[in-house]
Amino acid sequence: ELAKNNLPGIQILTAEFSDLKQLLKGKIYYKEHPLNHYAGIEDRRTWMTDVEGEFPSFFAFWKRCKKQLS
């Protein structure tokens, strides 16, 4: 409901990322998130700039975040 109200014309797709790439046949922009490993143009976060890379678990990521948030 939140998406419907704030993003008119939104379309939901449930598929593999590779399927999305084939459907769009263009540039894919995505918001950086530690769990995303997409291919495309990454929109970096503007906060916690020292927290970069891939993490084996949420808690490994959280330990790095906690240092910067303190």
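Just so you know, these numbers come straight off a predicted model, no measurement behind them.

Novice: Could you give an account of the overall build of the protein, naming the residues involved and the relevant values?
Specialist: Along the protein, the regular secondary structure elements total three helices and two strands. Here the protein has a C-alpha radius of gyration of 15 Å; the compact-globule value for 70 residues is 11 Å, and the former is much larger. C-alpha atoms of the protein, sized along the principal axes, occupy 40 × 30 × 20 Å. Looking at the protein as a whole, 13% of its 70 residues are labelled buried.

Novice: Talk me through the pattern of salt bridges; I want residue IDs and the actual numbers.
Specialist: On inspection of all chains with the given rule, the structure shows two salt bridges. Measuring nitrogen to oxygen at the nearest pair gives 3.5 Å for the salt bridge that ties Lys4 to Glu1. The exposure class of Lys4 is exposed, given its relative accessible area of 59%. As a salt-bridge pair, Lys31 and Asp43 come within 3.7 Å of each other at their nearest N and O atoms. Of the two residues, Lys31 is situated in strand β1 (residues 29-31) and Asp43 in strand β2 (residues 41-43); the sequence distance between them amounts to twelve residues.

Novice: Tell me what's going on with the packing of aromatic side chains, and back it up with residues and numbers.
Specialist: On inspection of all chains with the given rule, the structure shows six aromatic pairs. Each ring, one from Tyr30 and one from Tyr38, has its centre 5.4 Å from the other, and the planes form 90°; the classification is edge-to-face.

Novice: Which residues make up unusual backbone geometry, and what values do they have?
Specialist: One non-glycine residue with positive phi stands out, namely Lys25, at about 50°. Mapping Lys25 onto the fold places it in the loop between α2 (17-24) and β1.

Novice: Account for a nonpolar patch on the surface, with residues named and values stated.
Specialist: On the surface, Trp47, Phe58, Phe59, Trp62 and Leu69 cluster together into a nonpolar patch covering about 600 Å² of accessible area. Tracing the backbone shows Phe59 in helix α3 (residues 58-69).

What counts and what doesn't
- Residues numbered from 1 in each chain as written.
- Predicted model: local features only at pLDDT ≥ 70, side-chain atom pairs only at ≥ 80, totals over all residues.
- Heavy atoms only, no water.
- Helix = DSSP H or I, 4+ residues; strand = E, 2+ residues; numbered from the N terminus.
- Rg over C-alpha atoms; globule rule 2.2 N^0.38 Å.
- Buried < 20%, exposed > 50% of the residue type's maximum accessible area, 1.4 Å probe, protein only.
- Salt bridge = Lys/Arg side-chain N within 4 Å of Asp/Glu carboxyl O.
- Phe/Tyr/Trp six-rings, centres within 6.5 Å; stacked < 30°, edge-to-face > 60°.
- Patch = residues over 30% accessible without salt bridge, like charges linked within 9 Å, V, L, I, M, F, W, Y side chains within 5 Å.
- Areas by Shrake-Rupley, 256 points an atom, 1.4 Å probe, with all protein chains shown as cover.

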